[in-house]
Amino acid sequence: QVQVVESGGGLVQAGDSLRLSCEVTGGTFSTYLLAWFRQTPRNPREFVGETLRSGGTTYYSTAVKDRFTISRDDTRSTVWLQMSTLRPEDTAVYFCAASTTYYTRDPAAFEYWGQGTQVTVAS
């Protein structure tokens, strides 16, 4: 059974930084497309960003581009979401997801999901 576990959420002030971690075990981490989604009142599964297998090429939504950075370490089976210049509108439950698909941002194509971690940005 593949397990996905996020951590690092919390309460921060606007302008602060926060790093979320996601460990994926029970499978071949290096073969996975890894993505971050967030649940907000506007969208129950809003795409945040992703990192491809083989080289870790990253893509981001326009809402977080230039503020968030995704990285991965295949030797540690971990992917991170580094968030900076946080805004109240970034408040959401953040989910880590893994897929054997090479490239997609369709939530339905991600086979493995974490439990979510709450990020709250106060003004």
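Engineer: Requested: an account of the nonpolar core, with residues and values cited.
Structural biologist: Among soluble globular proteins, nonpolar side chains are generally buried collectively. Residues Trp-36, Leu-81, Met-83 and Tyr-94 are the most contacted members of the largest nonpolar core, which totals 26 residues. Looking at this core, the elements that each hand over two or more residues are β3 (18-25), β4 (33-39), β7 (68-73), β8 (78-83), β9 (92-99) and β11 (117-122).

Engineer: Quick rundown of the environment of Gly-15? Include the residues and the values.
Structural biologist: If you trace the backbone, Gly-15 turns up in the loop between β2 (10-13) and β3. According to the relative accessible area criterion, Gly-15 is partly exposed, its value standing at 48%. Considering only alpha carbons, one finds Gly-15 and Gln-39, 24 residues apart in sequence, at a separation of 21 Å.

Engineer: Can you explain the environment of Phe-37? Please cite residues and give values.
Structural biologist: In this structure, Phe-37 sits in strand β4. Along the chain, Phe-37 and Thr-58 lie 21 residues apart, while their C-alpha atoms are 14 Å from each other.

Engineer: Could you give me a rundown of the pattern of salt bridges, with the residues and numbers involved?
Structural biologist: In this structure the tally under the stated criterion is five salt bridges. Across the pair Asp-90 and Arg-67 runs a salt bridge, and its minimum N-O distance is 2.8 Å. Of this pair, Asp-90 sits in the loop between β8 and β9 while Arg-67 sits in the loop between β6 (58-60) and β7, and the two are 23 residues apart along the sequence. The two residues Asp-90 and Arg-67 agree in class, both being buried. Ionic contacts of the salt-bridge type, sharing partners, join the residues Arg-38, Arg-42, Glu-46, Arg-67 and Asp-90 into one network.

Engineer: Before we move on, can you summarise the state of the cysteines with the specific residues and values?
Structural biologist: Between two cysteines, a covalent bond joining their sulfur atoms is known as a disulfide. In the structure shown here, the tally under the stated rule is one disulfide. Between the sulfur atoms of Cys-22 and its disulfide mate Cys-96 the distance is 2.1 Å. Residues Cys-22 and Cys-96 share a disulfide whose torsion about the S-S bond is about -80°; that sign makes it left-handed. You can see Cys-22 sitting in strand β3 and its partner Cys-96 sitting in strand β9, a full 74 residues away along the chain.

Parameters at a glance
- Residues numbered from 1 in each chain as written.
- Predicted model: local features only at pLDDT ≥ 70, side-chain atom pairs only at ≥ 80, totals over all residues.
- Heavy atoms only, no water.
- Core = buried A, V, L, I, M, F, W, Y, C linked by side-chain atoms within 4.5 Å.
- Buried < 20%, exposed > 50% of the residue type's maximum accessible area, 1.4 Å probe, protein only.
- Helix = DSSP H or I, 4+ residues; strand = E, 2+ residues; numbered from the N terminus.
- Salt bridge = Lys/Arg side-chain N within 4 Å of Asp/Glu carboxyl O.
- Disulfide = S-S within 2.5 Å.

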